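These are the residues of each chain, in order.
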Amino acid sequence: MALGGGVFVVVLIVTALAAPAIAPYDPIRQSLRARLAAPTLAAADGKAHLLGTDHLGRDVLSRTIYGARVSLLVGFAAVVVGGLVGATLGLLAGFRGGWADSVIMTLADAQLAFPFILLAIGIIAVLGPSFSTLIVVIGLSGWVTYARVLRSQVLVLRSYEFVDAIHALGGSVARVIARHILPNVLSSLVVIATLELARAIVLEATLSFLGLGVQPPTPSWGGMVHEGREYLDSAWWISTAPGIVLMLTSIIVSRTGDWLRDLLDPTLRGE
Amino acid sequence: MRGLLPFLASRLFRAAVALWLVSTVVFIVMRLSGDPVPLLLPPDAPRSEIFRVRAELGLDRPLPVQYVVFLGHVLRGDFGHSIHFRQPAFRVVLGYLPATFELGLTAFALALLVAVPIGVVSAVRRNTPIDHAAMGLALVGQSAPTFFIGILLILIVSLNLGLLPTSGRESWRHLVLPALTLGAFAMASIARLTRSAVLEVLRADYIRTARAKGVSEALVVTKHTLKNAAVPIVTITGLQFGTLLGGAVVTETVFAWPGIGRLAIQSIYNRDYPIVQCTVFLSAVLFIVINFCVDLVYGLLDPRVRAS
């Protein structure tokens, strides 16, 4: 199971990186003669389209392969943004305590007390969809878990005498963080980041499906499902191919996260 | 009932803070978006007209003043006029609310009715093919994107089998697929949690005692186990109810269901910001009120919660 999950993710990353080499055709090249062709070895334009073509005659397989780029790029970047913001705020809350802690934790509570997709929709509606907006919004939607884990780790460590000893010997806060806190939370962070990756990929696809994410003609899985929606009756493959890949990715990545959690850090269960 | 008042007060405070934060974010985002006046007027409007409207909307005043005025308006449910509907935004959104409630409540009821029995059966028959199949399906339901579940249901149930309509809101038949789609995530979560809650209770000493006394297996499950497994199930169920609101945006868009989620998305396309603002804010209020009620019920059910 775990091995399968890892292999799947690696294959996905390689596919995304090597998309120009793997994809049979240019993902945005239209071919009006081969519009809405069913999966075939010889369409009206004389070419093979293993997963068919869409309403503009673009090759669905090529678009699905290129779509992995968007999903993984936004997914990983959002995890980095969320992780950095969450880790910084968590460390700050833990070390400073007092009002900084109260403000940060109230913010975290407030954010959890709200379906973030609504806020994301509002923000993107106003700022306009772009890659950077998407990454920041999706990233910020996931900072809370990182912050909570780091904060509680800091609170635990702060009570130990050796931390006082480090301070007494002139060791800096940065040293405590680098040598004592990060090694302790690394496995938790890996687990959270994996689960967050699955969430970020689904959120990006959802926003793209709603027309608020990656804009055409750039192929993204959510956007492709959206484009194929009107042709479900006549050309089901347009939506189904990217949709199934997206669903598999989401299930496998989050299962890998669950498995990592059970392996590395059973205390995270139920978070 | 000791401890209930402080508990209530702290939850109320948290709800108030969340609401204030949401309104502040809405305000900041709206101001970041630039001047809405050109959207309201024809492109060839004279400068004097632009200045007049700007003053009328209070946009010529300092930001802090605008912020206070905005909060005052929000408290009174005044989100300005819809550009598209030419009516107060709040009234328009209220008109779309019943459809969202209908969908949300049906999805929720459906999720509960399906998930709890599945969870119980899975626990009682654990490690059998039934259990594996149910939990495998639950995993898919938990991680599959809502919009694609909807697309698959349309493709299979409506288009291939011709059993149910694909979109719209006319009869109960139109409600089935959207409710299933919206409820899928909650259904999966509740089924998994019910299974683990029931398993937990089945291991308890008093269950062994009941069995030793000769109580029938059916009675052990229905009377002794379910009652004790109910608290965690009630909690997750309440939390799921709030999350349904977020899923409604997607589900309503997939099935052309005329609720506030679809209204929000269409208003974004129409650049009808008062409506977007109002739906976001109203959903936030609903979500926070629902969570507050869940907390309250929970606090009443389980005195231990109040202490924490």
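**Observations concerning the overall build of chain B**
Right, on to step 1. Per the secondary structure count, chain B includes 13 helices and 0 strands.
Right, on to step 2. Along its sequence from the N terminus, chain B presents helices and strands in the succession α-α-α-α-α-α-α-α-α-α-α-α-α.
Right, on to step 3. A globule of 308 residues ought to have a C-alpha radius of gyration of about 19 Å, yet chain B, at 24 Å, is considerably larger.
Right, on to step 4. Its C-alpha atoms give chain B principal-axis dimensions of roughly 90 × 60 × 25 Å.
Right, on to step 5. A total of 308 residues make up chain B; the buried ones form 36% of that total.
Right, on to step 6. In chain B, 72% of the contacts between residues at least 6 apart in sequence involve partners at least 24 apart.

**As for the overall build of chain A**
Right, on to step 1. From N to C terminus, chain A includes 11 helices and 0 strands.
Right, on to step 2. A total of 271 residues make up chain A; the buried ones form 48% of that total.
Right, on to step 3. Intrachain contacts of chain A at a sequence separation of at least 6 include 68% that bridge at least 24 residues.

**Here's the deal with the confidence of the model for chain B**
Right, on to step 1. Looking at chain B, the pLDDT average stands at 83 and 94% of residues meet or exceed 70.
Right, on to step 2. Listed scores for the predicted complex are pTM 0.86 and ipTM 0.86.

**Structural notes on the packing of helix H9 (residues 173–209) of chain A against helix H11 (residues 237–264) of chain A**
Residues and elements named next belong to chain A.
Right, on to step 1. Running from amino to carboxyl end, H9 crosses H11 at an angle of 165°, the nearest separation of the two axes being 9 Å. Here H9 lies roughly antiparallel to H11, going by the angle between them. Judged by the twist between their axes, the crossing of H9 over H11 is left-handed. The residues of H11 that touch H9, namely those facing Ser187, Val190, Val191, Thr194, Leu195, Leu197, Ala198, Ile201, Val202 and Ala205, are Leu246, Thr249, Ser250, Val253, Ser254, Thr256, Gly257, Leu260, Arg261 and Leu264.
Right, on to step 2. In terms of residue class, the contact of H9 with H11 is built from 12 nonpolar, 7 polar and 1 charged.

**Concerning unusual backbone geometry**
Comment: phi is negative for the bulk of residues other than glycine, and the bulk of peptide bonds are trans.
Right, on to step 1. Following A:Pro216, the chain continues into A:Pro217 via a peptide bond in cis, with omega recorded as 10°.
Right, on to step 2. Along the chain, A:Pro217 turns up in the loop between H9 and helix H10 (221–228).
Right, on to step 3. In the Ramachandran plot, B:Arg86 falls in the positive-phi region, its phi being about 55° despite a non-glycine side chain.
Right, on to step 4. Assignment of secondary structure puts B:Arg86 in the loop between helix H4 (63–75) and helix H5 (89–124).
Right, on to step 5. You can call B:Arg86 exposed: it has 8 C-beta atoms within 10 Å.
Right, on to step 6. Although it is not a glycine, B:Asn127 sits at a positive phi angle of roughly 65°.
Right, on to step 7. Its location among the elements puts B:Asn127 in the loop between H5 and helix H6 (129–143).

**Description of the environment of B:Val289**
Residue and element names in this part refer to chain B.
Right, on to step 1. Tracing the sequence through the fold places Val289 in helix H12 (residues 273–301).
Right, on to step 2. The partly exposed category is assigned to Val289, around which 13 C-beta atoms lie within 10 Å.
Right, on to step 3. A sequence separation of 19 residues divides Val289 from Asn270, and the C-alpha atoms of the two residues are 29 Å apart.

**Comments concerning the interface of chain B and chain A**
Right, on to step 1. In this assembly, 39 residues from chain B lie in contact with 33 residues from chain A.
Right, on to step 2. Those elements that place two or more of their residues in the side of chain B that touches chain A are helix H1 (4–32), H6, helix H7 (146–160), helix H10 (217–254), helix H11 (260–269) and H12 of chain B.
Right, on to step 3. Broken down by element, the side of chain B that touches chain A gets its largest block of residues, 10 residues, from H1(B).

**Side note on helix H9 (residues 205–213) of chain B**
Right, on to step 1. A small share of H9(B) lies buried, amounting to 0 of its 9 residues.
Right, on to step 2. A positive backbone phi angle near 95° is found at B:Gly214, which sits one or two residues after H9(B).

**Comments concerning the nonpolar core**
Right, on to step 1. Counting 144 residues, the largest nonpolar core has A:Ile121, A:Ala147 and B:Val93 as its most contacted members.
Right, on to step 2. Of all the elements, H9(A) adds the most residues to this core, at 17 residues.
Right, on to step 3. Non-local contacts of A:Ile121, meaning those with residues more than four positions away in its chain, are made with A:Leu212, B:Val249 and B:Ala264.

**Structural notes on helix H6 (residues 131–140) of chain A**
Right, on to step 1. For H6(A), every residue scored as buried is listed here: A:Leu134, A:Ile135, A:Val137, A:Ile138 and A:Gly139.
Right, on to step 2. Looking at the buried side of H6(A), the elements it contacts are helix H3 (60–96), helix H5 (116–127) and H9 of chain A.

**Structural notes on the packing of H9(A) against H10(A)**
Residues and elements named next belong to chain A.
Right, on to step 1. Where H9 contacts H10, the axes come no closer than 7 Å and their chain directions differ by 35°. Our pair here, H9 against H10, has a crossing hand that is right-handed. Residues Glu204, Ala205, Thr206, Leu207, Ser208 and Phe209 of H9 form the contact with H10, whose own contacting residues are Trp221, Gly222, Gly223, Val225 and His226.
Right, on to step 2. For the contact of H9 with H10, a count of residues per class yields 5 nonpolar, 5 polar and 1 charged.

**Observations regarding the confidence of the model for chain A**
Right, on to step 1. Of the residues in chain A, 96% reach a pLDDT of 70 or more, and the chain-wide mean stands at 85.
Right, on to step 2. When pLDDT is averaged over each element of chain A, H10(A) comes out on top at 93 and H5(A) at the bottom at 76.

**Notes on the environment of A:Ser62**
Residues and elements named next belong to chain A.
Right, on to step 1. For Ser62, the location among the structural elements is in helix H3.
Right, on to step 2. Among the residues examined, Ser62 registers 24 C-beta atoms within 10 Å and is labelled buried.
Right, on to step 3. Setting aside residues no more than four positions away along its own chain, Ser62 makes contact with Ala23, Pro24, Tyr25, Asp26 and Pro27.

**Describing the environment of A:Ile252**
All names here are of chain A.
Right, on to step 1. For Ile252, the location among the structural elements is in helix H11.
Right, on to step 2. Ile252 gets classed as buried once you count the C-beta atoms within 10 Å, which come to 20.
Right, on to step 3. Ignoring any residue separated from it by four or fewer positions in sequence, one finds Ile252 in contact with Gly5 and Phe8.

Each value, and the rule that gives it
- Residues numbered from 1 in each chain as written.
- Chains lettered and ligands numbered in written order.
- Predicted model: local features only at pLDDT ≥ 70, side-chain atom pairs only at ≥ 80, totals over all residues.
- Helix = DSSP H or I, 4+ residues; strand = E, 2+ residues; numbered from the N terminus.
- Rg over C-alpha atoms; globule rule 2.2 N^0.38 Å.
- Buried ≥ 20, exposed ≤ 12 C-beta atoms within 10 Å, placed from the backbone.
- Contact = placed C-beta atoms within 7 Å.
- pLDDT = per-residue confidence, 0-100.
- Axes fitted to C-alpha atoms, helices over the stretch in contact; angles between N-to-C directions.
- Parallel < 35°, antiparallel > 145°, perpendicular 65-115°, else oblique.
- Left-handed = near helix turned anticlockwise from the far one by under 90°.
- Nonpolar A, V, L, I, M, F, W, Y, C, P; charged D, E, K, R; others polar.
- Core = buried A, V, L, I, M, F, W, Y, C linked by C-beta atoms within 7 Å.

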